[in-house]
Amino acid sequence: MSTRVKHFSSNRTRILSSRALLLPGLFIALILLMACLLWSITLGAADITPQVVYDSLFHFDETIFDHLIIQTVRLPRVLAGVIVGAALAVAGAIMQGLTRNPLADSGILGINAGAAFAVVLVAYLLGSASLTAYSVAALIGAGLAAGFVYGIGAISGGASPLRLTLAGVILTAFVSSLTTAILIQDQETLERIRFWTAGALAGRDFAIIAQTAPLIAVGMVGAMLISRQITTISLGEDVAKGLGQNTLMIKITAGVLVVLLSGGAVALAGPIGFVGLVIPHIARFFVGVDYRWVIPYSAVIGAILVTLADMAARIALRPLEVPVGVMMALVGAPFFIYLARWKVKR
Amino acid sequence: MAERRLHRTWIAVRPRRVPFSFKLDRRVPLMAALLLFFTFIVLIMSINHGAYHMTPLDVVQTLTGTLPADHPDYRNFVLVVHTFRLPRILVAFLVGAALAVSGAIMQAITRNPLAEPGILGVTAGAGLAAVILIVWLHEVSLTILPLVAFVGAILTAAVVYFLAWKQGSASPVRLILIGVAIASILGSITTFSLVFGQINDVQQAYVWLTGSVYGRNWDHVRALVLWMSVLMPLAFFGARSLNALNLGDEIATGFGVRVERQRALLLVISVGLTAAAVTVAGTIGFVGLIAPHITRRLVGPAHEGMLPITALVGGALLVLADLIGRWVIAPSELPIGIITALIGAPYFLFLLVRYRK
């Protein structure tokens, strides 16, 4: 299988060519994110001006209806979007660096499907279970799926993009047929869970955010801590070993981080694909291959993208709301095709 | 010594009048006989299983038409066997055969042991078309559904092939990757439809998506036989090209195979077989993935012998899976696609361990 990846981790030209530009760039991205968030909050059935948003955040008055809408409906929703986008993007960046595979993404590799299955299983077995149960289930599901895909990588020695993709496809096929097995037996679970299985941000409240945010926070911090090692591994495992790195240890740590990030994201918003695929490419386009910068940039750009996708999802078919997971697939899959056509050399 | 062994492993078939010859692995006839025998046993067991009680002897007699006409349950036996149980089991067998051959072709063309018949987005296309029909138009008749699903399948495969085409060639790697991407777009639109449909429609759509042979009748058997009687011989005639393509484009060109043309032709055959299968029985996974592997272990990789045998293996697998699906949670039944996933996934794991490099 002679699938090689063209220039994938070579130090090619980047937009922010000077190191001095990297930090200001990140700030500009953050400001952009804030603007998107504000815009997203004003958008909805009730027209709310940015001024009101500002007031509700800093001079909250519970007698004003708009303030209540913002605090209980719109704010949790956009926050969930930010967290999910950042988490999935960073998980994708780690996976792409680690496997040296430009097509790595928790959706394509079946990790999201694994987490989704675990949640459906718990919903089926325990009825309306607690939020904690869902989060734990999503983590375990993501962990098992990631372990499986990594296992394939390890067994087949040097996992090519093709092999990993196929393994992900087959894993997804297996897991989703199990999910279906449950959903066709039990209409009640289907009714409760089906919107969630499409990947959606609607109706997320602070309780579930509080439940999953710590996991994702740990994942983020961990990712930053091992970002140097990821850069080294992304240059080649031989290089990393030559530099005296304990690659096995790094791989295991990174695997745990991916599980925390994508498991947490799935618990929060259901399986959303392609964020982890697209964002790291955009981030590398700006900052090159240094993962100390790729990871924070991925987080911010991922948050922006999911926020925008969520806004588009709310507007596109009003009053029907498109799940954000569907929206991401419509954006992300063409990008995947672009990569497959031009970046993967056969 | 080595030469003698080589000589003895093959049976050459050279008809006098026809300008066509091929050679089969020596194990092929024996395996074919064994598989047919096995399928027959499972078939009898499968017909025998159900709410209406019959003995295996009754089944055999009803099937062969030797049941005495004055038998007290004559009418019931004939009704149960010929109207209810036999057609669905035949559908299972034919679908299994079609998917297995399709998978074998796909694995040879892409030179990838993990390829499966749905890899070009065929099943996703059929699935989306079917779900739109069921959920948005509330149309679940088993006559229109297959037609629409078939169109969806073929269109999707065409789009994937078109997108993978670059500089005069559709490379296998691009075919697979773009197939995955297109499948995921279609899959997410499918999910979207499932989210907003009425709950009963949605459940029905889920059953179709997993693959089921429930309630299939003689019309479906006829449709499958029609398609397969055209495509299966074509696949067999392509066996030699498959052997060459399996070695890589350069070597195949060296053998005198017109690579792009043969590949496109074989893809059409494979897509046609899968489309015919999924339109009748929904998206049944894993058969097309594992049947070719089982077959290679039985009769080796040469496609002249391998294609017919893999058809038998796939058919036998699905008849067995159907029986298991009706048996585990009787009187209710599990869709056949879930059983194949449960059997197929562990075998797939085994394959991964075996095929490490």
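Criteria and thresholds
Residues numbered from 1 in each chain as written. Chains lettered and ligands numbered in written order. Predicted model: local features only at pLDDT ≥ 70, side-chain atom pairs only at ≥ 80, totals over all residues. Helix = DSSP H or I, 4+ residues; strand = E, 2+ residues; numbered from the N terminus. Buried ≥ 20, exposed ≤ 12 C-beta atoms within 10 Å, placed from the backbone. Contact = placed C-beta atoms within 7 Å. Nonpolar A, V, L, I, M, F, W, Y, C, P; charged D, E, K, R; others polar. Expected span 1.5 Å × (residues − 1). pLDDT = per-residue confidence, 0-100. Bend = angle between axes of the 7 residues up to and from the residue.

### Describing the overall build of chain B
Counting its secondary structure elements, chain B contains 15 helices and four strands. Along the three orthogonal principal directions, the C-alpha set of chain B runs to about 65 × 55 × 40 Å. Evaluated residue by residue, chain B yields a buried proportion of 53% over its 357 residues.

### Regarding the interface of chain B and chain A
Across the boundary between the two partners, chain B contributes 40 residues, which contact 44 residues of chain A. Elements supplying a minimum of two residues to the side of chain B that touches chain A: α7 (172-196), α8 (199-210) and α15 (336-354) of chain B. If you tally residues by element for the side of chain B that touches chain A, the top one is α7(B), at 16 residues. Taken together, the residues that form the side of chain B that touches chain A break down as 27 nonpolar, nine polar and four charged.

### Some words on helix α14 (residues 303-328) of chain B
Here α14(B) is 26 residues long and its end C-alpha atoms lie 36 Å apart, about the 38 Å a rise of 1.5 Å per residue gives. Burial analysis of α14(B) places 23 of its 26 residues in the buried class, the great majority of the element.

### Some words on the confidence of the model for chain B
All names here are of chain B. Looking at chain B, the pLDDT average stands at 84 and 96% of residues meet or exceed 70. The lowest-confidence element of chain B is helix α1 (residues 2-8), averaging 51 in pLDDT; the highest-confidence one is α14, averaging 92. Of the two predicted TM-score estimates for the complex, the pTM is 0.83 and the ipTM is 0.76.

### A short note on helix α4 (residues 74-110) of chain B
Because each turn of an α-helix spans 3.6 residues, side chains separated by three or four positions end up pointing in the same direction. All names here are of chain B. With 37 residues, α4 extends 52 Å between its outermost C-alpha atoms, agreeing within 8% with the 54 Å of an ideal straight helix rising 1.5 Å per residue. Most pronounced at Leu86, the bend in α4 amounts to some 45°, and the proline Pro87 follows within four residues. For α4, the buried fraction is high: 27 of the 37 residues fall into the buried class. Arg111 sits one or two residues past α4 and shows a positive phi near 55°.

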